[in-house]
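These are the residues of each chain, in order.
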Amino acid sequence: MATPIASARDPKVPGESLSRRIYDELREGIIRGRYPQGSRLAEQRLAEELRVSRVPLREAVPLLVVDGFVRTLPRRGAVVTTWTVDMAHELFDLRLCMEVGAARFAARQVARGQSVEPLRAALDRCREGVRTGDPYRISGDSTEFHEVVVDLTSNSLMRSVMRSVTGRMMWLFYLTSELNPDDALDGHEELLRAVESGNERVAESIAYAHIERDRDESMRVLVERRDVPDLA
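These lines cover the structure that appears in this document, whether it is placed above or below.

How each quantity is defined
- Residues numbered from 1 in each chain as written.
- Predicted model: local features only at pLDDT ≥ 70, side-chain atom pairs only at ≥ 80, totals over all residues.
- Heavy atoms only, no water.
- Helix = DSSP H or I, 4+ residues; strand = E, 2+ residues; numbered from the N terminus.
- Rg over C-alpha atoms; globule rule 2.2 N^0.38 Å.
- Contact = heavy atoms within 4.5 Å.
- Areas by Shrake-Rupley, 256 points an atom, 1.4 Å probe, with all protein chains shown as cover.
- Lys, Arg positive; Asp, Glu negative; His and termini not counted.
- Charge placed at Lys NZ, Arg CZ, Asp CG, Glu CD.
- Axes fitted to C-alpha atoms, helices over the stretch in contact; angles between N-to-C directions.
- Pairing = 2+ DSSP bridges.
- Core = buried A, V, L, I, M, F, W, Y, C linked by side-chain atoms within 4.5 Å.
- Buried < 20%, exposed > 50% of the residue type's maximum accessible area, 1.4 Å probe, protein only.
- Arc of directions from axis to C-beta.
- 1 Å grid on protein atoms, 1.4 Å probe; cavity = no way out; pocket = protein on both sides within 12 Å on 5 of 7 lines; lining within 4 Å.
- Points joined across faces, edges and corners; volume = space filled by probe spheres on them.
- Nonpolar A, V, L, I, M, F, W, Y, C, P; charged D, E, K, R; others polar.
- Parallel < 35°, antiparallel > 145°, perpendicular 65-115°, else oblique.
- Expected span 1.5 Å × (residues − 1).

## Let's talk about the overall build of the protein
A count of helices and strands for the protein gives 10 helices and 2 strands. Listed N to C, the secondary structure of the protein is α-α-α-β-β-α-α-α-α-α-α-α in terms of helices and strands. Radius of gyration (C-alpha) of the protein: 19 Å, near the 17 Å computed for a compact globule of 232 residues. For the protein, the proportion of contacts with a sequence separation of at least 24, taken over those separated by at least 6, is 72%. When the accessible surface of the protein is summed, it comes to about 11,500 Å², and 49% of that surface belongs to carbon and sulfur atoms. Each charge sign in the protein was given a centre, from 34 positive and 38 negative side chains, and these centres are 5 Å apart.

Right, dumping it as structure tokens:
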């Protein structure tokens, strides 16, 4: 059961709205599988479970729709998104288009004097997360590492696009969390060195290899666990 949300006056983050806190609670529940793929998010049941009124709940659901966690269907209302083969590949395709370029531009910025310390700090958090053995923490830290690569580009449009897909990235990382996290950590370390070198071509080639390796391993796990219905 989800943890009840007490009030907007006791936020997890200063200034965070109640609807945003509901979003965070439902997002985590979807990623962890408390709200299974394809299940209906019944408004009354959720309001009782989270101990909130329906108004902020109704404000939270569209945010989940935008970020790909929920679909709204006629006569069914809000339904948790179900992963398909095409959706998984589309996410990896988008990551190739965006993150390979981001690695290149990040390396360019570093060559011009941009500090790589934010990326180094993100990698340190990844190491700490792996030591905890917590799949949710590991998935979140890994997602953040990729976000920081994009942040280093100083490209506001690229940052905005990245923010719109990081939730789905974390969800897929969690679904494939049985993969050896040390392998992903090695890939992150390799990407850090490439960006730090300032060599654009090396950085983009390492990013490309990292994402395609992640695609191959992730799809294998999804096939074995049958987490993607089209592969069942």
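## A few points about the packing of helix H1 (residues 18-32) against helix H8 (residues 166-175)
Two elements in contact, H1 and H8, have axes separated by 9 Å at closest approach and are oriented at 35°. The segment H1 lies against H8, with Arg-27, Ile-30, Ile-31 and Arg-32 engaging Gly-167, Met-170, Trp-171 and Tyr-174.

## Structural notes on the pairing of strand S2 (residues 77-80)
Direction of pairing for strand S1 (residues 70-73) relative to S2: antiparallel, over a ladder of 4 bridges. Bridge assignment links Thr-72 to a residue of S2, and that residue is Ala-78. The turn joining S1 and S2, which pair antiparallel and follow one another in sequence, is formed by 3 residues; a positive phi near 70° is taken by Arg-75.

## Focus on the nonpolar core
Counting 66 residues, the largest nonpolar core has Leu-119 and Val-195 as the members making the most contacts within it. Here this core takes 12 residues from helix H4 (residues 85-111), the largest share from any one element. When near neighbours in sequence (up to four residues on either side) are disregarded, Val-195 contacts Ala-103, Ala-106, Ala-107, Val-110, Val-116, Leu-119, Leu-152 and Ala-203.

## Here we look at helix H2 (residues 43-50)
Within H2 the residues assigned to the buried category are Leu-46, Ala-47, Glu-49 and Leu-50. Along the axis of H2, the buried positions cluster into a sector of 165°, meaning they face one direction only. Where H2 is buried, its residues touch H1 and helix H3 (54-66).

## So, the layout of surface pockets
A volume near 430 Å³ is recorded for the largest pocket. The wall of the largest pocket is formed by 24 residues, among which Ser-142, Leu-179, Asn-180, Pro-181 and Ala-184 lie closest to the centre. Only helix H5 (117-132), helix H6 (135-151), helix H9 (181-197) and helix H10 (200-225) provide two or more residues apiece to the lining of the largest pocket. In the lining of the largest pocket, the residues fall into 9 nonpolar, 10 polar and 5 charged.

## Here we look at the packing of H5 against H6
Running from N to C, H5 and H6 point in directions that differ by 170°, and their axes come no closer than 8 Å. Of the possible angle classes, the one that applies to H5 and H6 is roughly antiparallel. In contact with Pro-118, Leu-119, Ala-122, Leu-123, Arg-125, Cys-126, Glu-128, Gly-129, Val-130 and Thr-132 of H5, H6 contributes Arg-137, Ile-138, Asp-141, Ser-142, Glu-144, Phe-145, Val-148 and Val-149. By residue class, the composition of the contact of H5 with H6 is 10 nonpolar, 3 polar and 5 charged.

## Side note on the environment of Val-100
Relative to the assigned elements, Val-100 resides in helix H4. For the pair formed by Val-100 and Ala-209, sequence separation is 109 residues and the distance between their alpha carbons is 9.3 Å. Excluding its chain neighbours within four sequence positions, the residues that come into contact with Val-100 are Arg-95, Glu-204, Ala-207, Tyr-208 and Ile-211.

## As for H3
Taking 1.5 Å per residue as the helical rise, H3 with its 13 residues ought to reach 18 Å, and the 19 Å between its terminal C-alpha atoms agrees with that figure. Where the residues of H3 are buried, they touch H1, H2, S1 and S2. Residue Gly-68 follows H3 closely and has a positive phi angle near 85°.

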